[in-house]
Every structure is written in structure tokens, then in C-alpha cells.
Amino acid sequence: MKIDFHTHGKLAKKLPFSKVYTNWLFGEAKQAGLDAICLTEHFNTLGFDQVYEYIRENFQRDQDTFLAEGLRIFPGMETDIAEGGHVLTIGTMEDILELNRRLEPHKEKGKFLPFCELIALFREYPVMVGAGHPFREGGHIPELPRELLLQFDFLDLNGKDLAEEKEETQRKVYGLGQELGIPVVSGSDTHQAFQYGCVCTRFSRTISRTEDLKAAVRDGRYEIQISSNLSFQVKTAGTLKRALKEIHSLGGDYVSVLTQ
């Protein structure tokens, strides 16, 4: 099973949810060779509930996942913390939606929870918790106290960061993982299709439950694959994202540009 641990189902946080665009993304993820994704949508994205309501109503459930034309979707969320940085969460649809509702008072900048309070909330649920792109500029996750860092289940070796500084990103992320004894997995961090497959994490078997995914990661039963076209894919994806957002800002239909 090839899985991407960090993906999004919308082009941008402030844009409306589009069923057609999200469907296009899922189809393209499968075409890129992925078997599964963790849909770690931003916790304060416009229409967060709409994204998951659409998935629940339109795709077959298989234990903790949903199947979209053969692509396995693990529900998830990406949450900002007061210290600066992003925390990834993966769990059941019900737990992710409930956590998102409980975070409603903390979705604006200046109201983000500090990590100590956020992790206490997350640990009330059987979810996986990861440090998203821990060394990206503006984030301060590596500066958290050691006892808090040890609460993470995984670190995100992020495709976007690898495209900018591959060797340095690997050195820092793997170094922190070794220091803390925390596994490293990979996520593309894509908001559109061209970035799918730039990195993935490969397991020897299909996994459909969060607890089994967590155990497989903890036990190191996987390998990370990095595409030889990584930099080109991420650069192309960034260009496409900017162009599509500009089309939308000018009153055009960016979805039809892609799908028709």
C-alpha cells in the first residue's frame, strides 16, 4: 500500500468546497500510483464539514477509511498551534469531525491552542498525531519541550520541503526522529494533483484501521519513496495553484479549466 500522509482536498483554505475538484483530486491521486491518502485538511478551512460530509455520503466505508474509485482515504486534519507550526491528526471520520467542532473557538490566528493543550485534547481520542513539516520556516515545533515532542506518533518528511532543500530536510527530520525515537513518514502536502507521488510511504499490506496504521508506523514496517521528479512536480504544482487561484479571483471557474 502506497500512502501519502499529508494531503488536502481543496485548492486553498479560503475557497469554497468543490465536489468536482475534490473528485478530480482523488482520481488523480490514484492515477499517480497511490493506494491511499491521509486527507489532512486544514482545521480552519472554509467548509471543513462539507468536505467530510461529501465523502461520507458518496464513498463506501471500509472500517476507518473510505474508498473513492479504489483510493483509500483516511480522514484527518491539520491544526495550527500557538507556538507556530502545524500538527497532523489521523483518525475515524467521527473523531475528526468532533475534534474539529471542539476546536471551533481556536480557529483564528491569535486564538490557536498551545501544543500542550492541543495534545491533551487529541489524546482523549484514539488518533495518530504527527508533526507536519517540523522545520519549515515560521514553525517552532523542534523548540517544544522534549516531553511534549515525545507525544508525537510520527514526523512528516514533507515533499514541499524536500523540493527546496532535500539533503538538509532529510538531515534535520531524520535527526530529530532518531534523537526522540519517533518514526518518520512522508507526505506531499499537495492541494492539487501534480504533487501526488512526489513522495510516498510504502507498506507491504493494505491497512484500513487507524490503530493498525499507527502500529505499522511505530514498528517501522514501511519504506519511504522519493520521486526522481520531486522538484519538478512540486514546482509545477505551485505554479498551477497560483494560476488557479488567480482565475478564481478574476471571477472565472478554475474547476472547469481542469475538468473540461
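Coordinates for the structure precede this section.
No experiment lies behind these values; they were computed from the predicted model shown. (Residues numbered from 1 in each chain as written. Predicted model: local features only at pLDDT ≥ 70, side-chain atom pairs only at ≥ 80, totals over all residues. Heavy atoms only, no water.)

Peer 1: Describe the overall build of the chain, and please don't skip the residues or the numbers.
Peer 2: The number of helices and strands found in the chain is 10 helices and 11 strands. The C-alpha atoms of the chain give 17 Å as radius of gyration, which agrees with the globular expectation for 260 residues (18 Å, within 12%). When its C-alpha atoms are laid out on the principal axes, the chain stretches across 50 × 40 × 35 Å. Across the 260 residues that make up the chain, the buried fraction comes to 54%. For the chain, the proportion of contacts with a sequence separation of at least 24, taken over those separated by at least 6, is 73%. Accessible surface for the chain amounts to roughly 11600 Å². Of this, 47% is attributable to carbon and sulfur atoms. In the chain, which carries 31 positive and 38 negative side-chain charges, the distance between the mean positions of the two groups comes to 2 Å. (Helix = DSSP H or I, 4+ residues; strand = E, 2+ residues; numbered from the N terminus. Rg over C-alpha atoms; globule rule 2.2 N^0.38 Å. Buried < 20%, exposed > 50% of the residue type's maximum accessible area, 1.4 Å probe, protein only. Contact = heavy atoms within 4.5 Å. Areas by Shrake-Rupley, 256 points an atom, 1.4 Å probe, with all protein chains shown as cover. Lys, Arg positive; Asp, Glu negative; His and termini not counted. Charge placed at Lys NZ, Arg CZ, Asp CG, Glu CD.)

Peer 1: Can you tell me about the side chain of Asp 153, naming the residues and giving the values?
Peer 2: If you trace the backbone, Asp 153 turns up in the loop between α5 (146–149) and β8 (154–158). A polar atom in the side chain of Asp 153 sits 3.3 Å from the side chain of Arg 123. Every residue in contact with Asp 153, bar those within four places of it in the chain, is listed here: Arg 123, Val 127, Met 128, Val 129, Ile 182, Pro 183, Lys 214 and Val 217. (Polar contact = N/O pair within 3.5 Å; in protein donor to acceptor, adjacent residues only side chain to side chain.)

Peer 1: Give a detailed account of empty space enclosed by the protein, specifying residues and quantitative values.
Peer 2: For the structure shown, the criterion picks out 1 cavity of 30 Å³ or more. The computed volume of the largest cavity comes to approximately 40 Å³. Residue lining of the largest cavity: Phe 203, Ser 204, Arg 205, Ile 207, Ala 216 and Arg 221, and that is the complete set. Class assignment of the residues belonging to the lining of the largest cavity gives a composition of 3 nonpolar, 1 polar and 2 charged. (1 Å grid on protein atoms, 1.4 Å probe; cavity = no way out; pocket = protein on both sides within 12 Å on 5 of 7 lines; lining within 4 Å. Points joined across faces, edges and corners; volume = space filled by probe spheres on them. Nonpolar A, V, L, I, M, F, W, Y, C, P; charged D, E, K, R; others polar.)

Peer 1: Which residues make up helix α9 (residues 230–249), and what values go with them?
Peer 2: Across its 20 residues, α9 extends 29 Å between first and last C-alpha, which sits within 8% of the 28 Å expected from 1.5 Å per residue. The set of residues buried in α9 consists of Leu 230, Gln 233, Val 234, Ala 237, Leu 240 and Leu 244. Down the axis of α9, the smallest arc covering the buried residues is 125°, so these residues share one side. Within α9, the exposed residues directed more than 90 degrees away from the buried face are Phe 232, Lys 235, Arg 242 and Ser 249. (Expected span 1.5 Å × (residues − 1). Arc of directions from axis to C-beta.)

Peer 1: Go over the packing of helix α2 (residues 48–58) against helix α3 (residues 93–102), please, and point to the residues and values.
Peer 2: Running from N to C, α2 and α3 point in directions that differ by 165°, and their axes come no closer than 11 Å. The angle between the axes of α2 and α3 places the two elements in the roughly antiparallel class. Judged by the twist between their axes, the crossing of α2 over α3 is left-handed. On the side of α2, the interface is formed by Phe 48, Asp 49, Tyr 52, Ile 55 and Arg 56, while α3 contributes Met 93, Ile 96, Leu 97 and Asn 100. The class makeup of the residues in the contact of α2 with α3 is 6 nonpolar, 1 polar and 2 charged. (Axes fitted to C-alpha atoms, helices over the stretch in contact; angles between N-to-C directions. Parallel < 35°, antiparallel > 145°, perpendicular 65-115°, else oblique. Left-handed = near helix turned anticlockwise from the far one by under 90°.)

Peer 1: Please give an account of the side chain of Thr 210 that cites residues and values.
Peer 2: Considering the arrangement of structural elements, one finds Thr 210 in helix α8 (residues 210–218). What makes Thr 210 buried here is its relative accessible area of 3%. Dropping the residues within four chain positions of it, Thr 210 is found in contact with Asp 64, Phe 74, Ile 90, Gly 91, Thr 92, Pro 126 and Met 128.

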